[in-house]
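A structural walkthrough
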Amino acid sequence: MTPDEIRTAFLQELTNVAPDIDPETVGPDDHIQDDLGLDSMDVLTLVTALHGRLGVDIPEADYPQIATVGLAKVYLAGRMA
């Protein structure tokens, strides 16, 4: 997957978890909890969805590495390689 495809997949799963989020307004540095308002259960749901969609295991210790779209794009690309 290209970085843009990973970004799109991340945003689609993010908006599935939190439908009130407009993916067009999410910036690369917007924090999914601090800026976008996800709680810990939402984050777990997002991680599960990403695993199902991309086949990537994301250990809890790595959750900070998917805290923004920009971080997630790099992290997921590395895990998929």
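Up top is the structure these notes are about.
To keep things clear, this report deals only with the structure shown in the data block. Quantities reported herein were computed from a predicted structural model and do not represent experimental measurements. (Residues numbered from 1 in each chain as written. Predicted model: local features only at pLDDT ≥ 70, side-chain atom pairs only at ≥ 80, totals over all residues. Heavy atoms only, no water.)

Some remarks on the nonpolar core
- The biggest cluster of nonpolar side chains holds 24 residues, and the ones touching the most others in it are Phe-10, Leu-14, Ile-32, Leu-38, Ile-58, Ile-66 and Leu-76.
- Mapped onto this core, the elements with two or more residues apiece are helix H1 (3–17), helix H2 (40–54) and helix H3 (69–80).
- In terms of residue count, H1 provides more of this core than any other element does, six residues in total.
- Residues contacting Leu-38, with those up to four places away along its chain left out, are Leu-14, Val-17, Ala-18, Ile-21, Ile-32, Gln-33 and Val-43. (Core = buried A, V, L, I, M, F, W, Y, C linked by side-chain atoms within 4.5 Å. Buried < 20%, exposed > 50% of the residue type's maximum accessible area, 1.4 Å probe, protein only. Helix = DSSP H or I, 4+ residues; strand = E, 2+ residues; numbered from the N terminus. Contact = heavy atoms within 4.5 Å.)

Quick word on the side chain of Glu-13
- Secondary-structure assignment places Glu-13 in helix H1.
- Filtering out sequence-adjacent residues up to four positions away, Glu-13 remains in contact with Leu-46, Ala-49, Leu-50 and Arg-53.

Topic: the environment of Arg-7
- Within the element layout of this structure, Arg-7 appears in helix H1.
- Residue classification places Arg-7 among the partly exposed positions, given a relative accessible area of 30%.
- Distance from Arg-7 to Ala-81, taken between C-alpha atoms, is 16 Å for residues 74 residues apart in sequence.

A few points about the side chain of Thr-68
- Position of Thr-68 among the secondary structure elements: in the loop between H2 and H3.
- The class of Thr-68 is buried, set by a relative accessible area of 9%.
- Here the side chain of Thr-68 touches Pro-28 through a polar contact of 3.3 Å, landing on its backbone oxygen.
- When near neighbours in sequence (up to four residues on either side) are disregarded, Thr-68 contacts Pro-28, Asp-29, Asp-30 and His-31. (Polar contact = N/O pair within 3.5 Å; in protein donor to acceptor, adjacent residues only side chain to side chain.)

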